[in-house]
Amino acid sequence: MIPIEVYLVFAAVLFAIGAYGVMVKSNTIVVLMCIELMLNAANINFIVFSAFTTDVLGQVFVIMTISVAAAEVAVGIAILLNAYKLKNTTEADSLTSMRW
Amino acid sequence: MFVEYTWLVPLVPMLCFVIIGFFGKKMPHGGGPLAIFGAMFAFLISALISYEFFTSAAYSSPGYVTEQITWFSIGSFDINIGYYVDSLACLMMLFASFISTLIFIYSIGYMHNEGVKRRRYFAEVSLFLTGMLGLAVSSNFLEMFVFWEAMGLCSYLLIGFWSFTHPNGDDASDNAASAAKKAFLVTRLGDVCLMGGMFVLMYEFGSLDYTAVFDTAAMASVDPNMLMLGSLLIFGGVIGKSAQFPLLDWLPDAMAGPTTVSALIHAATMVKAGVYLVARCFPLFAQNPEVMLFVGVIGGITAFFAATMALNNMNIKKVLAYSTLSQLGYMFLALGAGGYMMALGLQSGDSALIAAGAVGYTAGCLHMANHAFFKALLFLGSGSVIHATGTEDMREMGGLHSKMKITSITMLIGSLSIAGFPLFSGFWSKEIVLEVAMHAGDYGAEGYLFLVLWILAIITAFMTAFYMFRMWFMTFKGKPGHGAEHCHGESPKSMTIPLIILSVFAAALGCIILFGFDDYVTIGIHAGQFQVGSGHGHGFMGWLEDIFLSAYTYLTVALVLIAIGVAYVMYSKMSINPGKFNKDGNSLLYKALSNRWWFPRLYDQIGWKMGYGVAKGVEFVDTQVIDGTVNALSSAVAGSGDSMSKVQTGNVRDYASVVVIGIVVLFAVMLLLFYFMGGA
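Throughout, residues of each chain are indexed from 1 in the direction in which the sequence is written. Chain letters start at A and ligand numbers start at 1, both assigned in the order the entries are written. Where local features are concerned, this predicted model is filtered to residues with pLDDT of at least 70; where side-chain atom pairs are given and counted, the filter is 80 or more; whole-chain, interface and lining totals use all residues. The basis for every side-chain value is the complete set of heavy atoms in the structure, and neither hydrogens nor water enter the calculation.

Let us now look at the domain arrangement of chain B. Residues and elements named next belong to chain B. Domain extents, as shown, originate in an automatic or database domain assignment. Domain annotation for chain B reports domain 1 (286-593), domain 2 (595-639) and domain 3 (649-680). Here the C-alpha centroids of domain 1 and domain 2 sit 45 Å apart. Two residues form a contact once any of their heavy atoms are found within 4.5 Å. Taken together, the 10 residues of domain 1 in the interface contact 5 residues of domain 2. Accessible area that two parts lose when put together, with a 1.4 Å probe and added across both, is what the buried area reports. Summed over both sides, the interface of domain 1 with domain 2 buries roughly 660 Å², with 64% coming from carbon and sulfur. Polar contact criterion, stated in full: a pair of N or O atoms within 3.5 Å, where within protein one must be able to donate a hydrogen and the other to accept it, and residues adjacent in sequence count only if both atoms are side-chain atoms. Where domain 1 meets domain 2, there are 0 residue pairs in polar contact (both at pLDDT 80 or more). For the side of domain 1 that touches domain 2, the secondary structure elements donating two or more residues are α15 (289-310), α16 (316-348) and α26 (588-594). Secondary structure elements are taken from DSSP: a helix is a run of H or I of four residues or more, a strand is a run of E of two residues or more, and numbering for both begins at the N terminus. It is α26 that provides the largest number of residues to the side of domain 1 that touches domain 2, a total of 5 residues.

Have a look at this one:
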């Protein structure tokens, strides 16, 4: 049996990649995808702990997270579409009008 | 029957003030007749009150009638308002309202070409009279203080009546507005002291009512040092109000106002309030011989210095102003000397000494009443002269006797009276004042000071006679000047009739001392309490013997006669040129006198050096410390906000970075905490 640490390290690496992408990528579509990565890293943690503790509550949470993530992506894409209509770009570096 | 209506005495002039103030423009003479009515009504009701009081049982015991209602309460502490009638209050009411009536009648003539400004004038003088009458009948210190301040306000308003450059004034009084300001500020200095004195009394006695404060047992039970402090602070207020040394400089400048106002301030109101207050607080002051000594010394010094300043002044009103200061000094000398003896008598239980002290009280009050009449007469007379000649400079007058017979003769009577010419009013009171001062010199360790003051007072009597007759001769005798040529004859009847009435009183009023004045206005201890009135005076023959069997009386009279003679040869016959004695106005003494012993300059120096220094300090604190703190705070906030706003880059990735870094730091801290504190 694969020990739990492997799963957790995998999830942590996935989360780190997601976080790195959010911080570094200038393409907002990629940023959204990175957010999905982070969410899925969290989902993996839920599943792993659920499996190792034989508690289904974690799996229930994952279903919930997936639905919330779907809604979030829909909202995020909608914002990006509007931003694209307005500014003709989706580069994060150009979308900086909300500042001092 | 009438005493219960004492509150009407100040109230009626007050109503006149309000009515004239609102409707005076539509009234004949700017509301003057109404003001006269108010004063006359106050006089009549005062006369009725006095008559009823003196014939009532309350006169012999307890010696006063008082009634109070609560004005306001602070916790369990009540401030009352009410009236307090005793002999002293009666005396003040009577002469203040009587003289004011005459002055108001005179004002109709004197102010006839002031137009609509007469409304303001008559409203303000009514309020002035309210202040004085209210002061006289007040039943506690706070009520008294309210009226005291009302007078201060009125003096400010009236001195500044001609609040533009007055053509007849000299140097400092050129500007009526600044003279008014000076009067207001200088008296305010004293008022602050008075207020401090009231605080002390309130703290020590728990009440400001006269009946509570002047209670013998209460005075004996409080801390004597605090009592002394309170007395001295109250006297500080008197110094300001009655223009005593060293706050004497505002009164000569106050001549910038109309002459009738000067008459009112000097004779009926204002400066008499100070004398009244000392007489009223006599039981309090007499607890300490030192306080009374101080009163006497201030009085004596003022009497002397003010008289010297009058010697060479060329302005007819200023001469009279200095003579007022000087005569007020006499009053304080009498009160101080009498109180000094009484205080010593109270300490040693010597009833003869207490009785001797009461004579000082009588003398001070008598001189106050006498002075009220002859000074009102002299000021109104000088007003008549100024009205006729259009100048206040005596060098431009001269030879007016033939043109203004009534004014001339009435002023001669006034001058004789103030100079202390035998059998005129001033003679009686001045002789008694001098006698008391000399008598006080025999007692106590500091008594010799009163001997010095007595000698000064006798010299002052000489100077008084000299400058008064210098004034009279320069004005009515000698060569006519420019102003005298302008003179178009005697003043109108509304001005001369008050002069005639006043001259009768100025000549004869002093005789009341022979007819039992000292039975009524004196202070003694009856049934363990101080009581004004119900004394046993010396009687008719007693006073005659007292005065005419004393060698010093003849000394004073001789000095007065010599002074009149000197004034005659200098200013009427002109056989001696006064310029010989002062190097034609270049001697140091002459300059000192015409500069008022440099008192104004002293004030200016103090004002400049100290006031400016303090102002500079305050300005530094204001602009540097207070503003600096506020500015530093605001710029710190603005600056930090400015720099912190740079964090808001608008770049979403920066925000994400900050969030991630924040989470990492939070985790690190938590891990460290768990590690070091041994948590789960």
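Here the focus is a nonpolar patch on the surface. All names here are of chain B. To count toward a patch, a residue needs a relative accessible area over 30% and no salt bridge; like charges are then connected within 9 Å, while nonpolar side chains (Val, Leu, Ile, Met, Phe, Trp, Tyr) are connected within 5 Å. All accessibility values rest on the Shrake-Rupley procedure with a 1.4 Å probe; residue burial counts only the protein chains present in the view. A pair is scored as a salt bridge if a Lys or Arg side-chain nitrogen falls within 4 Å of a carboxyl oxygen belonging to Asp or Glu. Together, Y5, W7, L11, M14, L15, V18, I19, F22 and F23 line one region of the surface with nonpolar side chains, adding up to about 870 Å² of accessible area. If you trace the backbone, F22 turns up in helix α1 (residues 8-23). Working definition: with a 1.4 Å probe on protein chains only, accessible area under 20% of the residue-type maximum means buried, over 50% means exposed, and in between means partly exposed. Given a relative accessible area of 66%, F22 falls into the exposed group.

Okay, the interface of chain B and chain A next. Accessible area lost when the parts come together is the quantity often used to give the size of an interface. Across the boundary between the two partners, chain B contributes 12 residues, which contact 12 residues of chain A. A combined buried area of about 950 Å² lies between chain B and chain A, and 60% of that area is made up of carbon and sulfur atoms. For chain B, the biggest contributors to the area lost against chain A are B:G650, B:R653 and B:V660; these three give 46% of the whole. Taken together, the connections running from chain B to chain A amount to 1 salt bridge. Between B:R653 and A:D93 there is a salt bridge, with its nearest N and O atoms 2.1 Å apart. At the junction of chain B and chain A, the tally comes to 3 residue pairs in polar contact (both at pLDDT 80 or more). Partitioned by chemical class, the residues of the side of chain B that touches chain A number 4 nonpolar, 6 polar and 2 charged. By the convention adopted, Pro, Cys, Tyr, Trp, Phe, Met, Ile, Leu, Val and Ala count as nonpolar, Lys, Arg, Asp and Glu as charged, and the other residues, Gly among them, as polar.

So, on to empty space enclosed by the protein. All names here are of chain B. Within this scheme a cavity is a closed region of a 1 Å grid, computed over the protein atoms alone, that accommodates a 1.4 Å probe without allowing it to escape, whereas a pocket is open but has protein on both sides within 12 Å along at least five of seven lines; lining residues each have an atom within 4 Å of a point. Grid points are joined across faces, edges and corners, and a volume is the space filled by probe spheres set on the points. A full pass over the atoms with the stated rule returns 3 cavities of 30 Å³ or more. Within this model, the largest cavity holds a volume of roughly 100 Å³. Residue assignment for the lining of the largest cavity shows that the elements contributing at least two residues are α19 (425-440), α20 (448-476), α24 (539-548) and α25 (551-571). Partitioned by chemical class, the residues of the lining of the largest cavity number 6 nonpolar, 3 polar and 3 charged.

Right, let's talk about the side chain of B:E52 for a bit. Relative to the assigned elements, B:E52 resides in helix α2 (residues 32-55). In this structure B:E52 touches B:M1, B:F2, B:V3 and B:E4, once residues within four positions along its chain are discounted.

On to the packing of aromatic side chains. Centre distance and the angle of the planes are the two values used to describe a pair of aromatic rings. Residue and element names in this part refer to chain B. Two rings from Phe, Tyr or Trp (for Trp, the six-membered ring) form a pair when their centres sit within 6.5 Å of each other. Planes less than 30 degrees apart are called stacked, planes more than 60 degrees apart edge-to-face, and all others tilted. Counted by the stated rule, this structure contains 41 aromatic pairs over all chains. Pairing W71 with F72 gives two aromatic rings, centres 5.3 Å apart and planes at 65°, and the pair type is edge-to-face. For W71, a relative accessible area of 38% gives the class partly exposed. For the pair F235 and F285, a centre-to-centre distance of 6.4 Å together with 85° between the ring planes defines the contact as edge-to-face. In this pair, F235 is assigned in helix α10 (residues 224-241) and F285 in helix α14 (residues 282-285), connecting sequence segments 50 residues apart. Through a chain of ring-to-ring contacts, three or more aromatic side chains come together here, namely Y64, Y84, F141, Y210 and F214. Two thresholds decide whether a charge sits over a ring: the Lys NZ or Arg CZ must be within 6 Å of the ring centre and within 35 degrees of the ring normal. The ring of F184 is capped by R188, whose NZ or CZ atom sits 4.2 Å from the centre of that ring.

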